[in-house]
Every structure is written in C-alpha cells, then in structure tokens.
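Fold and contact review
So the chains spell out like this:
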Amino acid sequence: MGIFERRDDIFDDAMVLDEEWQPQEIRKRKDELELYRQALQPVVDNRPLNNIFIYGKTGTGKSAGTRYMLEHLESDAMQYDDVELSTVWVGCENLSTSYQVAVALVNALRDSRTGLLPEREKMSATGYSQQAVFDRLYDDLDDVGGTIVIVFDEIDNIGQSDDLLYGLPRARANGYLEEARPMVIGISNEFNFKDDLSPKVKDTLCEEEILFPPYNADELTSILEPRAEKAFQDNVLEGDVVRLCSALAAQDSGSARQAIRLLSLAGKTAVNNRDEQVAPKHVHHAKKELAQSQVVEGMEQLTTQGHAVLVTLAYYSAKGETPVRTRDLYQQYRNIADEVASNTIVERRVRAHLSDMSMLGLVNTYGRNEGMKDGRYKEHELTVALETVLDVLGSKERFQGVVERIRRVAAKNNQLN
DNA sequence: ACTCCACAGGAATTGAGGGGTG
DNA sequence: CACCCCTCAATTCCTGTGGAGT
C-alpha cells in the first residue's frame, strides 16, 4: 500500500466555490441593481455625474454587484463614440488613510494603463507629502481623461481621514483637472461610516445611496443552488446540505460569502474523510472550523504587546480565576511582559489592547460597579478556548516558556477540557 | 439628592521606523 | 548627506460616569 492512492473526486468544478469566482448573474438583487443602473445612467448620457455610496454588511453582493454593473457599463458605453469611459478599482482593505488610498489609486491608474506589475515602479506608500501625492494623482487622471469611474471598495477603513473624498469630487471645479471627469463609488461595510465623514464630504459622496441588506435563508439557497450544481458531481450532496449552509449563514451574518465558504469547506472535509457524500455533519464541522480560523487569524494579527496581554489573560484562565479585574491583570501583565517583551506598557495602553481584543471577539468584557465600595471597573475573560490561545501563542518563540508554564498551571487546575 | 470610588476611555503628543528629494 | 514626509504604538493628561452608601 502506497502513501498516495487515487480518490474519486466528489467535486466537479470546484472553481465556482472559489473566492475569486465571478458569477454571470447577480441573483436576488434586482431592486438594488436597478437603482444602481439609474445612478450610473448619466455616464452613458454624458450628463453631470453623481457620486454613489453603497453600503451593506460583508457578503451582501456590494462588490460583486458593482463589478457586474461596471462590466456592463463599459461594454455598453462602447456603442457611443462620444462616451469616453475608464474605470479603476481600489480595494482599501489594508489602507487606513486618505493618503494611502491616494497612493493606491495612483498605482491602480498606472496598472490599468500600462499593464500590471513592476513593483519597482510603484509609488511608495510613504515619503511624499500629501499634496505631492494629490498633485500626481490629478496629473495622472488628466492623462487618462474622459469619464473615470473610481471605485473605493471597503472605503470605511479610512475612518475620518476623508481629504481624498473631499478633494476628488471637487477637483474639476477647483481647476485641478482639465480633461478628466471623475466619479466616485464608495463601498462600505459600516452603516455608520457616513456619520464619521465631515458634512461637506457627506453630501457630495452620498448623492446616490444604495443599501444592500443581508440575505435571508431562502435567498442564500437560491444563490447557492446553481453553484452547488456546478461544483459537485451529481448526487454527492446529501439531502438538504445546501439549505443547511444557507440557514447557518443567514442566522449568523446573511453573507453569501460565508454560505459559499461553508459549502466549499464541507466538501473538502468530506473528501478528507473519504466520504462519498457531503452530509450535514460535514457542514457543522466546517462551521466550527471557519469560526476557529477567524479567531486564530485575529490573534495572529495582534502585536507583541497584544500577545502579552492575551497570554496574561490566559494565565488567569488557567488558574480558573477568570473574570479578572483590569487592575489585577495589569499587575500580572507586568511580570509576564518583563520576561517576554523588551518593555512593559502603561496601564492605559493595556486597556486599549483589551478593548481591541474585545472587538475582535477574543475577549469578553463585563462592566461592574460597586459604588463607593469599589467604584467602577471592568472584568475580562477569554471568549476563545484556552487551548486555542496557548496553541497560537506557543508557536511564537518568545512565548514558548510562559505558555509551557501556563499549560502546567492549567493541568493542575483541570482547566484544559 | 448628593457624594465619591476607581477606573474607562477621549484627545493630544511623542518618537521610532517606514520612506522620499536634491 | 541633510532635511522632510506619513504612520502607528505608546505615553501623558485628562474628563466622564453608574450606583452603593449616606
């Protein structure tokens, strides 16, 4: 018997479950897309452009819908000689300021004109003054000329740093642009992002607003079904697997992305188990695994000091003294950080880390108040299994020692399972 | 109704670390 | 090389606050 053996594949075309895959048709978003079409109409009519603001939670079809509309817009606009149209897409997922977005936009414009790549020739993300970046951006836009539809995906990452959103729509009126007519489409996951913007930006960016609501279970099912059909061989999906994925995703987030991931991962799980059919148990397994991997990812992204705070909390958890008061946690943190990090941070900063981790869903925080006796304070505990935290942190060299000791403490107190 | 505990968390500032131009 | 730019964790300083005790 070899190590490898041929397996019958239950997948047919697994690509359709891939993150990258673009459906031909956007399902269940008829009304939203009609509004979108109306908002884009002025491009074809060569009339004054309105900026568009799209919002809705992740996986509600905002990006897919936008891609779809732009594709059609581009091909349909070709019919008219007097419509000169280009589109640029800027994903802002790792960009936290207007400055960075402007640089990314400059690079995206270059990419779209000269073809992809040369990392060397890209504008670097720091070093210039903001004005220098904007000047270059306006120059490049003018070089392209015509109507330029600029999409900022996940624009809410920039927070209140909205200089670009202020400047871009006004650039023409202010004489920075001669040839180009820019139009901005902002896509946001945050409903309240709008409120963070300064009022003058708000009413220019949000001339047209379209809301993409979460999908319900039925809608998810009808999105999933055609994909499931293509992705898997016939009769591989047991019973209501698709419905189950839809229901779980609808319950949680109403996100099509989540539903698709569930189905995809359930399929892979079945393959790994050498099962011939994808069953509900595979879906449930997939759900756990997805949740877990999100948590792990969140933990990985923390800084060293964040890890130090987390490991301190893990220590209390191992002792079974788990909702810990910030004050006590901080005392212990100082001992631990002294050992694993080159310095210790101030209490205020530890509170900030705890609050970040609470946002990430790694930590639960309860507010308590005992009046004149003990005042107002907070208590914290892990939301994640202690096991998981120790596994992730234990893989970092500098934490190995502490994690080992915490494991022993936990064993003594029976806190691991 | 008022007091007063013991923090929570906002705002402004700093400094190291990425990088730029000439 | 001298001098300037943006970013982000960390620090400093501070005002805000919910309810037990009076």
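Residues numbered from 1 in each chain as written. Chains lettered and ligands numbered in written order. Predicted model: local features only at pLDDT ≥ 70, side-chain atom pairs only at ≥ 80, totals over all residues. Heavy atoms only, no water.

A closer look at the overall build of chain A
Broken down by element type, chain A carries 17 helices and eight strands. C-alpha extents for chain A along the principal axes are approximately 80 × 60 × 45 Å. Buried residues in chain A amount to 45% of all 417 residues. A sequence separation of at least 24 residues applies to 73% of the contacts in chain A between residues at least 6 apart. Of the charged side chains in chain A, 49 are positive and 69 negative, and the gap between their average positions amounts to 7 Å. (Helix = DSSP H or I, 4+ residues; strand = E, 2+ residues; numbered from the N terminus. Buried < 20%, exposed > 50% of the residue type's maximum accessible area, 1.4 Å probe, protein only. Contact = heavy atoms within 4.5 Å. Lys, Arg positive; Asp, Glu negative; His and termini not counted. Charge placed at Lys NZ, Arg CZ, Asp CG, Glu CD.)

What about the protein's contact with DNA strand B?
Near DNA strand B you find 17 residues, and of these T326, R327, R348, R351 and K378 are the closest. The contact atoms of DNA strand B, taken as those within 4 Å of the protein, divide so that sugar and phosphate hold 62%. Contact distances for DNA strand B include 2.9 Å between a base oxygen and a side-chain N or O atom of R348. Between K378 and DNA strand B, the recorded distance is 2.8 Å, taken from a side-chain N or O atom to a phosphate oxygen. Only α13 (326-340), α14 (347-359), α15 (371-374) and β8 (376-382) provide two or more residues apiece to the surface near DNA strand B. For the surface near DNA strand B, the element with the most residues is α15, which contributes four residues. Across the surface near DNA strand B, the residue classes tally to three nonpolar, six polar and eight charged. (Near = heavy atom within 4 Å. Polar contact = N/O pair within 3.5 Å; in protein donor to acceptor, adjacent residues only side chain to side chain. Nonpolar A, V, L, I, M, F, W, Y, C, P; charged D, E, K, R; others polar.)

Details of the state of the cysteines
Going through the model one piece at a time under the given rule, you end up with zero disulfides. We note that C92 lacks a disulfide partner, and the nearest cysteine sulfur, in C206, lies 15 Å from it. For C92, a relative accessible area of 0% corresponds to the buried category. (Disulfide = S-S within 2.5 Å.)

Describing the sheet that holds strand β4 (residues 180-188)
Strand order in the open sheet formed by five strands is β2-β3-β4-β1-β5, with parallel pairing between adjacent strands. The outermost strands of the open sheet, each flanked by one partner alone, are β2 (85-91) and β5 (208-211). Sheet twist, expressed as the mean angle between neighbouring strand axes with direction ignored, is 15°. Together, β2 and β3 (146-153) form the strand contacts of helix α3 (residues 98-114), whose direction differs from that of β2 by roughly 135°. (Pairing = 2+ DSSP bridges. Axes fitted to C-alpha atoms, helices over the stretch in contact; angles between N-to-C directions.)

Some points on the environment of Q258
With respect to the helices and strands, Q258 occurs in helix α10 (residues 256-272). According to the relative accessible area criterion, Q258 is buried, its value standing at 17%. Only 2.5 Å separates the side chain of Q258 from the side chain of S253, close enough to count as a polar contact.

Quick look at the environment of P182
Summarising the element assignment, P182 is placed in strand β4. If we ignore the near neighbours within four places in the chain, the residues touching P182 are L49, I148, I150, L168 and L177.

A few points about the packing of α13 against α14
Viewed as axis vectors pointing N to C, α13 and α14 meet at an angle of 110°, and their least axial separation amounts to 11 Å. The angle between α13 and α14 falls in the class roughly perpendicular. Here T326, R327, L329, Y330 and Y333 of α13 come into contact with α14, specifically with E347, V350, R351 and L354. (Parallel < 35°, antiparallel > 145°, perpendicular 65-115°, else oblique.)

With respect to helix α5 (residues 163-170)
Residues L164, L165, G167, L168 and R170 constitute the buried set of α5. In this fold, the buried residues of α5 make contact with α3, α4 (130-144), β3, β4, α6 (193-196) and α7 (199-205).

Remarks on the pairing of strand β1 (residues 52-55)
Covered by surrounding structure in β1 are I52 and I54 together with F53 and Y55, the residues of both alternating faces. The pairing of β1 with β5 spans four bridges and is parallel. Looking across to β5, one finds that I54 is bridged to I210.

Looking at the protein's contact with DNA strand C
In the vicinity of DNA strand C, 20 residues are found, and the nearest of them are S96, T97, V346, R349 and N369. Backbone sugar and phosphate groups make up 74% of those atoms of DNA strand C lying within 4 Å of the protein. One nitrogen or oxygen atom from the main chain of V346 is found 2.7 Å from a phosphate oxygen belonging to DNA strand C. At a separation of 3.0 Å, a phosphate oxygen of DNA strand C approaches a polar side-chain atom of H353. Elements that contribute at least two residues to the surface near DNA strand C include exactly α3, α14 and α15. In terms of residue count, the dominant contributor to the surface near DNA strand C is α14 (three residues).

A short note on the packing of helix α12 (residues 304-319) against α13
As a packed pair, α12 and α13 sit with axes 9 Å apart at the nearest point and diverge in direction by 120°. The angle between α12 and α13 places the two elements in the oblique class. As for how α12 packs across α13, the hand of that crossing is right-handed. Counting all contacts with α12, which are made through Q305, A308, V309, V311, T312, L313, Y315 and Y316, the residues of α13 involved are D328, L329, Q332, Y333, I336, A337 and V340. In terms of residue class, the contact of α12 with α13 is built from 11 nonpolar, three polar and one charged. (Left-handed = near helix turned anticlockwise from the far one by under 90°.)

Structural notes on the nonpolar core
Counting residues in each nonpolar core, the largest one holds 38 residues, and the members touching the most others are L105, L141, F152, L165 and L168. For this core, the elements supplying multiple residues, two or more each, are β1, β2, α3, α4, β3, α5, β4 and α7. F152 has contacts with V90, C92, V101, L105, L164, L165, L168, V184, I185, G186 and I187, leaving out every residue within four places of it along the chain. (Core = buried A, V, L, I, M, F, W, Y, C linked by side-chain atoms within 4.5 Å.)

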